[in-house]
Amino acid sequence: MTVDGGLVVNCSAQNYPNTSCLIPPTTATLDLSHNNIEKIEEQDFTGVKGLKKLYLQFNQISFIDHRAFEDNPELEYLDISNNYLLEGSVLPFKNLVALNYLDISNNIGDKIQLGPQDSTWVMNNLLKQLESDDPPYRICIHERDFTPGKAIIANIIDCISKSYKTVFVLSKNFVQSEWCHYEFFLAQHRVFEERRDSLILLLLEPIPANSIPDRFCKLRKMMNKSTYLEWPPDEARQSMFWKRLKAVLNLEVKAPSLQGNPGK
């Protein structure tokens, strides 16, 4: 079938790859959902360079080769939700510069964004404190610093890869949202790949353990194992909070192995 967006191939619920599915090289939308796919190999989509939408949800995928989408630079939409990707799996998103929708829910991560209350606190408190320091910390936030016209995921990857630290403002909004969990997932990959601690967890408010969705077990585990900073409502204690946060931000900058790299 051909629609305005190009050729659409529907191989959903066809017991693929145990049965064949004809995928022409001009395919723009490919639906392989509800099948028995266990892994995505490097060559699986090399013949469809113009692929824009790919549906892989509800399969049995536990592995994706890091070169799997190198020939799909136009891929804009990717759904790999409800599969068996393991915690710590390295997913090949870096080359997908056109990607603006990604669903990895019920695997290891999700789509997310800051809630309005969180954004207000970040703008009025966090930025005010850090960017007015001497010398000022250089902060990247999506509302202000993402490149217009650039894919959201490309912006997120670029921002995280160029930062010494990634600060996650944890709140009830955060643990129920989607894009922020995707950012958390990418930042966790950076920790895994570079073997250094670049994540800072900041609790904006008390978060009951049972309020964190089961599919975000990675966040729950990190909160149980890692020390995090808590924002004190009491103004008398907030000065110490900022000192502690800046001490954590400066910690890696002072390491001899990182001399010559800007920390602020």
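Presented here is an overview of the structure given in this document. Just so you know, these numbers come straight off a predicted model, no measurement behind them.

### Describing the overall build of the protein chain
Across its full length, the protein chain holds seven helices and eleven strands. Per-residue burial for the protein chain yields a buried fraction of 47% across its 264 residues. Considering only residue pairs separated by 6 or more positions, the protein chain has 57% of its internal contacts joining residues 24 or more positions apart. Put simply, the protein chain shows about 14,000 Å² of open surface, and 51% of that area lies on carbon and sulfur atoms.

### Side note on the sheet that holds strand β9 (residues 166-170)
Taken in spatial order, the three strands line up as β9-β10-β11 in an open sheet, and their pairing is parallel. Every other strand in the sheet has two partners, leaving β9 and β11 (229-230) as the edge strands with one partner each.

### Comments concerning the state of the cysteines
Evaluated as defined, the whole model comprises one disulfide. The disulfide bridge from Cys 11 ends at Cys 21, spanning 1.6 Å between sulfur atoms. Handedness here is read from the sign of the S-S torsion; for Cys 11 and Cys 21, about 65°, the answer is right-handed. Of the two residues, Cys 11 is situated in the loop between β2 (6-10) and β3 (27-31) and Cys 21 in the loop between β2 and β3; the sequence distance between them amounts to ten residues. As far as the burial class goes, Cys 11 and Cys 21 line up, both buried.

### Observations regarding the packing of aromatic side chains
Counted by the stated rule, this structure contains eight aromatic pairs. A centroid spacing of 5.9 Å and a plane angle of 15° characterise the contact between Phe 45 and Phe 69, whose relative ring orientation is stacked. A residue pair is termed long-range when its members are at least 10 positions apart, and Phe 45 in the loop between β4 (39-40) and β5 (53-55) and Phe 69 in the loop between β6 (63-64) and β7 (77-79) qualify at 24 residues. Just as Phe 45 is buried, Phe 69 falls in that class too. Considering the side-chain rings of Trp 121 and Trp 242, the 6.1 Å spacing of their centres and the 15° angle between planes classify their relative orientation as stacked. With a gap of 121 residues between them, Trp 121 in helix α1 (residues 116-131) and Trp 242 in helix α7 (residues 235-251) connect regions that are remote in the sequence. According to the relative accessible area criterion, Trp 121 is buried, its value standing at 8%.

Thresholds, definitions, all that
Residues numbered from 1 in each chain as written. Predicted model: local features only at pLDDT ≥ 70, side-chain atom pairs only at ≥ 80, totals over all residues. Heavy atoms only, no water. Helix = DSSP H or I, 4+ residues; strand = E, 2+ residues; numbered from the N terminus. Buried < 20%, exposed > 50% of the residue type's maximum accessible area, 1.4 Å probe, protein only. Contact = heavy atoms within 4.5 Å. Areas by Shrake-Rupley, 256 points an atom, 1.4 Å probe, with all protein chains shown as cover. Pairing = 2+ DSSP bridges. Disulfide = S-S within 2.5 Å. Phe/Tyr/Trp six-rings, centres within 6.5 Å; stacked < 30°, edge-to-face > 60°.

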